[in-house]
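# Analysis of the macromolecular model
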2 protein chains.
Amino acid sequence: MTISIAHLAPPGTYAEQAAIIYRNWLTQVTNEQAFLCPHSTIPQSLRSVSEGETSLAVVPVENSIEGSVNITFDTLWQLNNLRIQLALVMPITHMLVSCANDLATIQTVYSHPQALAQCQKWLEDFLPHVQAISASSTTEALKVLKEDITVAAISSQRAAQLYDLPILRTSINDYPDNCTRFWVISQNQQPNTYKSLKNTASCTSIAFTVPSNIPGALVKPLQVFAHLGINLRKIESRPTKRSLGEYLFFIDLEADIASPSMDSALAELCNHTEVIKLLGTYNVISVTNTSI
Amino acid sequence: MTISIAHLAPPGTYAEQAAIIYRNWLTQVTNEQAFLCPHSTIPQSLRSVSEGETSLAVVPVENSIEGSVNITFDTLWQLNNLRIQLALVMPITHMLVSCANDLATIQTVYSHPQALAQCQKWLEDFLPHVQAISASSTTEALKVLKEDITVAAISSQRAAQLYDLPILRTSINDYPDNCTRFWVISQNQQPNTYKSLKNTASCTSIAFTVPSNIPGALVKPLQVFAHLGINLRKIESRPTKRSLGEYLFFIDLEADIASPSMDSALAELCNHTEVIKLLGTYNVISVTNTSI
């Protein structure tokens, strides 16, 4: 069976780059062929997997500077048949792409709000009087650059190459250790390729709601894991969208779901939560070479 | 002394509306006069208070649908001399503003990403083939509407009135209980006007970091409050921006900082945290009438 991988369009986005890296890795490790299926939003990528149109989706989860990608968490909570297979951590290096000969010519910079935020200090220092405009992706504005030398965009090296555009400044992100974590998502019933290779997973992600307005309602679920020595790597709260002050919680734990301590932890967790969802148990790959 | 209030520009944004509601309330309650100082970003609004250029800032903190406003949390962590005076919860009702006669004419919808996200289902149902484009505020796109009837914007009723534009559809937000919480921020040394009127505050906000990679490192600070029966209303994690997987935590507690239980809680909290910051102890006002 040929594997199809949903990801955020258009070509040249970091999400596409992560999807290609994952595809190459998959082919290398399992000898399976895979092709990419671009979608215009993250929810559409995830829904295509949930509805069986594509085999997998590669979606951004969290950036080291800007934090969580909320729409990924909200969509995973809404859809019921998805499971995380793998996490990919990819370094992010932003380029200033423009047909201008120097910075003084530039009047407007376009990019995705996350990329603009990740280069905020650089923009303040080197382009203080330039208007920064939000675009729906890092590549959206690239098509106008050839027509207007007063415009620049912040995007990846690969995007500049794809659109045949010059890079005016390299590595303009404010923090050198900028990286983004992606999740590879499948339907529940798919075998976890990477886990079957490694036997155990290093991380388990769970989402839950707790009874509201009870002191310590959130502490009890977290205590379950602390008592068993399971490290909580991350906690994220998202609004339930019912009323202000009601939250869902997403936690990442450093343990395989099949470990004995997790077994008793999950059983106890049910006593302290209202709704609970297992998002997946998986390993994390750190990408060092982003050239594709 | 005349009070100056920093807020997010341009005129017609929900942040301006919240600032005006606060100004009117302040004048009514304390008889003090205040004027508004628009700033082009949230960090600039907060920095103007930190540097003593303005007396107060009114900044968005959290929306009931889209969640936290990350830039507000990140800036409060960076600046050291600010304190929350008051929280304002304001209902948000989005309008579809356009010079078109019917929905079929519309080809493009502009708005702030938060507003687009809050009307996502409505857009899918009623304008499925329309391109949604992110703008830096809900009012930015309004100036082009008179020149192009194929364009619409999602903004407030007040913005439509200010720019003299027709409202094509009212209340298009997906969830009727859509509301945003704002914080009124001053310098540390300012007296808390509202608290001095009420004697006790209902909420305390604290930010902290914990030692990394220790199982239960986050649970311990939360246990302190649970043991004392202090309800944790909200927890928010933000990246430290040093490396992926290191977080700051922002918590809202249902107690006045001056209550005896909080006193011992704070002392104990210091044993389980690395850096700890008191963001403020304050009351919450729910705005019912948003006309100004």
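All figures in this text were calculated on a predicted structure; none of them were measured in a lab.

### Description of empty space enclosed by the protein
Counted by the stated rule, this structure contains 1 cavity of 30 Å³ or more. Approximately 120 Å³ is the volume found for the largest cavity. Lining the largest cavity are 19 residues, and of these Asn70 and Glu236 of chain A together with Asn70, Glu236 and Ser237 of chain B sit closest to its centre. Among the elements of the structure, strand 4 (67-68) and strand 13 (232-239) of chain A together with strand 4 (67-68) and strand 13 (232-239) of chain B are those that each provide at least two residues to the lining of the largest cavity. Taken together, the residues of the lining of the largest cavity break down into 4 nonpolar, 8 polar and 7 charged.

### Comments concerning the pattern of salt bridges
In total, this model carries 18 salt bridges over all chains according to the counting rule given. For the salt bridge of Glu236 of chain A with Lys234 of chain A, the shortest nitrogen-to-oxygen distance reads 3.2 Å. No difference in accessibility class separates Glu236 of chain A from Lys234 of chain A, as the two residues are buried. Here Asp74 of chain B and Arg238 of chain B are joined by a salt bridge, their closest N and O atoms 2.8 Å apart. Linking Asp74 of chain B in helix 3 (residues 70-78) with Arg238 of chain B in strand 13, this pair joins segments that are 164 residues apart in sequence. Looking at Arg238 of chain B, the relative accessible area reads 2%, which means it is buried. Residues joined by salt bridges that share partners form a network here, namely Glu66 of chain A together with Asp74, Arg238 and Lys241 of chain B.

### Some remarks on the UniProt feature "domain: Prephenate dehydratase" (unreviewed entry) in chain A
Here the UniProt feature "domain: Prephenate dehydratase" (unreviewed entry) sits at residues 4-187 of chain A. As annotated, residues 4-187 of chain A comprises 29% helix and 33% strand, and the C-alpha atoms at either end are separated by 13 Å.

### A look at the relation of the copies chain A and chain B
Mapping chain A onto chain B calls for a screw motion: a turn of 180° about the axis and a shift of 0.0 Å along it, with 0.0 Å RMSD after fitting. Seen this way, the second copy is the image of the first under a two-fold rotation axis. Both copies present the same face, since 100% of the interface residues in chain A are matched by interface residues at the equivalent positions in chain B.

### Points about the environment of Gly229 of chain B
Topologically, Gly229 of chain B is positioned in the loop between helix 8 (219-227) and strand 13. On the accessibility criterion, Gly229 of chain B (45% relative accessible area) is partly exposed.

### Some points on the interface of chain A and chain B
Taken together, the contacts link 47 residues of chain A with 47 residues of chain B. The junction of chain A with chain B conceals about 3700 Å² of combined surface from both sides, 54% of it contributed by carbon and sulfur atoms. Here Lys241 of chain B ties to Glu66 of chain A by a salt bridge, and the two come within 3.9 Å at their closest N and O atoms. Secondary-structure elements contributing two or more residues to the side of chain A that touches chain B are helix 2 (42-50), strand 3 (56-63), helix 3 (70-78), helix 5 (120-126), strand 11 (179-187), helix 8 (219-227), strand 13 and strand 14 (247-253) of chain A. Of all the elements, strand 13 of chain A adds the most residues to the side of chain A that touches chain B, at 8 residues. Along the lines of polarity and charge, the residues of the side of chain A that touches chain B split into 19 nonpolar, 15 polar and 13 charged.

Reading the values: the criteria
Residues numbered from 1 in each chain as written. Chains lettered and ligands numbered in written order. Predicted model: local features only at pLDDT ≥ 70, side-chain atom pairs only at ≥ 80, totals over all residues. Heavy atoms only, no water. 1 Å grid on protein atoms, 1.4 Å probe; cavity = no way out; pocket = protein on both sides within 12 Å on 5 of 7 lines; lining within 4 Å. Points joined across faces, edges and corners; volume = space filled by probe spheres on them. Helix = DSSP H or I, 4+ residues; strand = E, 2+ residues; numbered from the N terminus. Nonpolar A, V, L, I, M, F, W, Y, C, P; charged D, E, K, R; others polar. Salt bridge = Lys/Arg side-chain N within 4 Å of Asp/Glu carboxyl O. Buried < 20%, exposed > 50% of the residue type's maximum accessible area, 1.4 Å probe, protein only. UniProt positions renumbered as here; feature names shortened; annotations may be inferred. Least-squares fit on C-alpha atoms with pLDDT ≥ 70 in both. Contact = heavy atoms within 4.5 Å. Buried area = accessible area lost by both parts, 1.4 Å probe.

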